[in-house]
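# Architecture at a glance
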Amino acid sequence: PPARALDAAEAATLRQQIEAALAAKESLVERDLTGADLAGLDFSGCDLTGVLLEKASLAGCSFRGANLTRAVFARADLTGADFHGAKAIAANFGEADLTRAKLTGDMDLSEAVFIRATLRETDLTGAKLDGAQISEAVCEKTIFAKINADGLVVLKGDFRGVDLRGAKIAKS
């Protein structure tokens, strides 16, 4: 079923709860944050395993060093987000907007899914994409330099102006 949109009061309350949880270093594992407006928050180093962030507003957020294993970012706004060094094994970025996001610093995106995602001017320098799927995605001017991608699945998409310098892609 489609994610229900939060009204303004619900959105504000949820943001306050998450800000308090972050300040108290409480667990956010498997929390349902669907549709939340969490733009600009700092999730650096947090364990967000299995968190649901479908249709969430996460523009400008920092996820540096976070554990995002099995996180769902489907249809989320991740414009300009910083994922440097994060672990996002089997994460779902389907239809997410990752324009100008930084997925760098040996970020582990093994088995991650980017179906119909927007990765325009996104930097994936040094990312691990073993078994990941990029399908029908917009990857204009995306930097895939020095990626390690054994078994990367790429189906259709816009790859104009991509940078593949030093990329290691095997069995694609």
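The notes below deal with the structure included here. Remember, it's a predicted structure, so these values are computed and weren't measured experimentally.

### Things to note about the pattern of salt bridges
What the rule picks out here adds up to 11 salt bridges. Two residues, Glu 140 and Arg 120, come together in a salt bridge whose shortest N-O distance is 3.8 Å. Taken together, the residues span a long stretch of sequence, with Glu 140 in the loop between strand 2 (133-138) and strand 3 (148-150) and Arg 120 in the loop between strand 1 (113-115) and strand 2 at a distance of 20 residues. Owing to a relative accessible area of 30%, Arg 120 belongs among the partly exposed residues under this scheme. Among the charged side chains, a network of salt bridges with common partners joins Arg 120, Glu 140, Asp 158 and Arg 160.

### Let's talk about the sheet that holds strand 4 (residues 153-158)
Read from one edge to the other, the open sheet built from three strands follows the order 1-2-4, with strand pairing classed as parallel. Each of the sheet's edge strands pairs with one partner strand only, and the pair in question is strand 1 and strand 4. Strand-to-strand, the axes of this sheet are offset by a mean angle of 15°, without reference to chain direction. Both strand 1 and strand 2 contribute to a ladder of three bridges, which runs parallel. The partner of Val 113 across the bridge, within strand 2, is Gln 133.

So, how was this worked out
- Residues numbered from 1 in each chain as written.
- Predicted model: local features only at pLDDT ≥ 70, side-chain atom pairs only at ≥ 80, totals over all residues.
- Heavy atoms only, no water.
- Salt bridge = Lys/Arg side-chain N within 4 Å of Asp/Glu carboxyl O.
- Helix = DSSP H or I, 4+ residues; strand = E, 2+ residues; numbered from the N terminus.
- Buried < 20%, exposed > 50% of the residue type's maximum accessible area, 1.4 Å probe, protein only.
- Pairing = 2+ DSSP bridges.
- Axes fitted to C-alpha atoms, helices over the stretch in contact; angles between N-to-C directions.

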